[in-house]
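The residues making up each chain are set out below.
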Amino acid sequence: MADGTFRNPLVQVRGLKMHFPIYAGILRRKVGDVKAVDGVSFDIFEGETLGLVGESGCGKSTVGRALLRLYEPTDGSVVIDGQDIATLSPDALRKKRPTMQMVFQDPQASLNPRMTVAAIIGEPLDEHTGWDDAKKTARVYELMDQVGLNRRFANRYPHEFSGGQRQRIGIARALALNPKFIVCDEPIAALDVSIQAQVVNLLEDLQDRLGLTYLFISHDLSMVRHIADRVAVMYLGRIAELSPRDALYARPLHPYAQALLSAVPEADPGREATRQRIILTGDVPSPANPPKGCTFCTRCPKVMPHCREIEPKLAEVEPGRFVACHLFTDNTAGGHASSGPEVREHNQQGELS
Amino acid sequence: MPDGASPVLEVRGLKTVFRTRGGEIHAVNSVSFHLRPGELLGVVGESGSGKSVTMMSLIGLLPSPPAEVRSGEVMLGGRDLLKLAPRELQEVRGAKVGFVFQDPMTSLNPVFTVGNQIMEPLMKHMGLTKAQAETRAAELLTLVGIPDARKRLKSYPHQFSGGMRQRVMIAIALACDPDVLIADEPTTALDVTIQAQIIELVKDLRQKLGMAIVWITHDLGVIAGIADRVMVMYGGQVVEQAPVKELFANPQHPYTRALLKTVPSLTGERAARLEVIQGQPPILQAEPSACPFRARCPHAFARCEQENPLRRAIDGLPVGKGHDVACHWSAPAAGAQDG
């Protein structure tokens, strides 16, 4: 689907920050923050899949969890289906939970080994509906059918299933309350390649059938190209680039997005032999002490002097394409002055002290 | 590649069995392959395909019990490694064969400095003095691209990042100038940009040092970029083996074909739907009497149930030298698309 088909944002994230305090010393005094997510803004439109990619430690999973308020965000707002999740009272939040669900990375760790499959899938129904047993059982069977699990296995335990089947159990549980929005946090990372495709196809089928909206968090750029409509690339707690899928893979704009895509090996010996790789030097800096200015300035092959001073803001540089990089913002080295009138700035606050 | 050269490593009919309470697991079944000097052999397979167990069996790294190497020959430098006494085998490990494991955190000892761990094989196998070993260790760290090597020798593993730790592992594996380097999923635990760094490093080291490498991975992309030859494993057996370009251009085994199609591509046409390999990999509870892939194979027929296919050459060259496949189903001509 091309960008522009969905214009109704289901999820609106503005200036989301998630800082984890660091305590040290005998008195366990707070000595700093790990700025896991540091001012992230984006929309997810209804029926769309937004891919969220980045390397480990970039904050992509934290975004997913903060979005569903599995963490208490430090700052920012998360509006899902008209309500700001970040400030809802516990009671109101609980009523809201059925609309937003999560599929976790490790199906082994996210399923209770002492519960049967039927109990696992039915637990959200126990919690959120007042249905009688017959109705709940019928719903559990219906869900098992939807995700391709044999009904006969309803009374088995998670350890009796393979990794791919366990992930199906996790998906069925997430679907139980008819959510609108599902955060898929690396749902295929723990699976073998031949099983990954089964789960991804299932997620796509369910999206078509039930009109779901996904945030698909992954480090697998090839799989994100397959499943996502738009893709956000994160680096060190911020979004470097947010673009429609085809545009991003054809011509990444942010230098980090370029390096990331060029690093992915491809199953084609001919192309591999001739491909020019951008090899980044060094490692990702610590999010407890991120560099001043652009967080990518320590590894960027195109770094300029003012990148080390001024933080670039995420701005729309081409229709639908948002990039946080001084190469694209019409800058006069004075990054605080607002750029051209067409450049719509996404408010990405995150001034570092 | 040096085609006529005699292999540095030759494995014939290797069989490894795990004895568990629930019965025997036949993890490796009659695996044969060879490695020529300076060659990089890619071994591809999913978890449970027997790729790691094969390599661990070669140099006696599997705990026994439960593991038992039941038959086979592993020829390295004119000796059969499977017949060596434990002490002789220890000489081979580290000195002749270097090993790089998947997870650099768990394979480095957290309570010793990195310098200590690089120097250990140097003093043990090469009889260097402590001072000599330290100089050599610093050289090795520089070789694998760690700046400020002398100082870094005094650091502990936790003071290194994941990519740096893997560089240290490579330095240890290379310490005694081995003939063969076995790298078991060396980049799987790393991020893509760091993986790219390690792959570049290995390419560079091959140029400089010229050792033969076995690179185990499940990622066909990594293999495409670095391997000379590829061996595809499934259900504890080698199902296909070919030079890298040939394998990607003209895959024969239904499993290889499916594997190539099930992974989405980064460029080129975007498939509306991913190809799926139905079902699950087999659990190898008995010596296979049928093709291990039959239950998931779109082309399976009666014979696949009755008889485990042997590897046969498809290009006239002897099995192992050119392109061979273990499959009863006769594949259509190159380029033809199967259903």
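Here, every reference points to the structure presented above.
Colleague: I tried to follow the overall build of chain A on my own but got confused; where do I start?
Modeller: Each helix and strand in chain A was counted, giving 10 helices and 12 strands. Computed over its C-alpha atoms, the radius of gyration of chain A comes to 21 Å, within 12% of the 20 Å expected for a compact globule of 353 residues. Counting every position in chain A, which comprises 353 residues, the buried fraction comes to 56%. Look at the contacts in chain A between residues 6 or more apart in sequence, and 65% of them connect residues 24 or more apart. A total accessible area of about 14800 Å² is found for chain A, and carbon and sulfur atoms account for 50% of it.

Colleague: What is the right way to read the overall build of chain B from this model?
Modeller: Of the regular secondary structure elements, chain B holds 12 helices and 12 strands. Whereas a compact globule of 339 residues would reach a radius of gyration of roughly 20 Å, chain B reaches 21 Å, a difference of no more than 12%. For chain B, the spread of C-alpha atoms along the three principal axes comes to 65 × 50 × 45 Å. Here chain B holds 339 residues, and 52% of them are scored as buried. Taking all contacts inside chain B whose residues are at least 6 apart in sequence as the whole, residues at least 24 apart take part in 65%. Within the structure as shown, chain B displays about 14600 Å² of accessible surface, and the carbon and sulfur contribution to it stands at 53%. Side-chain charges of chain B comprise 36 positive and 34 negative groups, with the mean position of each set lying 3 Å from the other.

Colleague: Looking at this model, I keep getting lost on the interface of chain A and chain B. Mind explaining?
Modeller: Accessible area lost upon the coming together of the parts is a frequently used measure of interface size. Taken together, the 40 residues of chain A in the interface contact 43 residues of chain B. A combined buried area of about 3600 Å² lies between chain A and chain B, and 55% of that area is made up of carbon and sulfur atoms. On inspection of chain A and its partner chain B, the count reaches 1 salt bridge. With a shortest N-O distance of 2.9 Å, arginine 273 of chain B and aspartate 205 of chain A are connected by a salt bridge. Where chain A packs against chain B, one counts 19 residue pairs in polar contact (both at pLDDT 80 or more). Counting only elements with at least two residues in the side of chain A that touches chain B, the list comes to helix H6 (193-210), helix H7 (221-227), helix H8 (245-250), helix H9 (255-263) and helix H10 (269-274) of chain A.

Colleague: Sorry if this is basic, but what is going on with the packing of aromatic side chains here?
Modeller: Across all of its chains, the model carries 9 aromatic pairs over all chains by this definition. Considering the side-chain rings of tyrosine 256 of chain A and phenylalanine 296 of chain A, the 5.2 Å spacing of their centres and the 70° angle between planes classify their relative orientation as edge-to-face. Here tyrosine 256 of chain A is found in helix H9, whereas its partner phenylalanine 296 of chain A is found in the loop between H10 and strand S11 (315-318), with 40 residues between them in sequence. Considering the side-chain rings of tyrosine 255 of chain B and phenylalanine 293 of chain B, the 5.3 Å spacing of their centres and the 65° angle between planes classify their relative orientation as edge-to-face. Here tyrosine 255 of chain B is found in helix H11 (residues 254-262), whereas its partner phenylalanine 293 of chain B is found in the loop between H11 and helix H12 (302-306), with 38 residues between them in sequence. Here tyrosine 255 of chain B matches phenylalanine 293 of chain B in class, with each residue buried. The rings of Tyr235, Tyr256 and Phe296 of chain A are connected pair by pair, giving a single aromatic cluster.

Reading the values: rules and limits
- Note on numbering: residues in each chain are counted from 1, in written sequence order.
- In the order they appear in the text, chains get letters beginning with A and ligands get numbers beginning with 1.
- At least 70 in pLDDT is required for a residue's local features to be given in this predicted model, at least 80 for side-chain atom pairs to be given and counted, and no such filter applies to totals for whole chains, interfaces and linings, which use all residues.
- Hydrogens and waters are ignored; side-chain quantities use all the structure's heavy atoms.
- Strands are runs of DSSP state E lasting at least two residues, helices are runs of H or I lasting at least four, and both sets are numbered from the N terminus onward.
- This radius of gyration counts C-alpha atoms alone. The globule rule is 2.2 Å times how many residues there are, raised to the power 0.38.
- With a 1.4 Å probe rolled over the protein chains alone, any residue whose accessible area is under 20% of its type maximum counts as buried; one over 50% counts as exposed, and the rest are partly exposed.
- Only heavy atoms enter the contact rule, under which two residues are in contact if any of them lie within 4.5 Å.
- Each accessible area value is a Shrake-Rupley result obtained with a 1.4 Å probe; residue values ignore everything except the protein chains displayed when judging cover.
- Counted as positive: Lys and Arg. Counted as negative: Asp and Glu. His and the chain ends are not counted at all.
- One atom stands in for each charge, and that atom is NZ of Lys, CZ of Arg, CG of Asp or CD of Glu.
- Once two parts are joined, some of their accessible surface, as seen by a 1.4 Å probe, is lost; buried area is that loss totalled over both.
- Salt bridge criterion: a side-chain nitrogen from Lys or Arg within 4 Å of a carboxyl oxygen from Asp or Glu.
- For this analysis, a polar contact is any N or O atom pair within 3.5 Å, provided that within protein one partner can donate a hydrogen and the other can accept it, and provided that sequence-adjacent residues contribute only side-chain to side-chain pairs.
- Pairing of aromatic rings covers Phe, Tyr and Trp, the last through its six-membered ring, and needs centres within 6.5 Å; plane angles under 30 degrees mean stacked, over 60 mean edge-to-face, and all others mean tilted.

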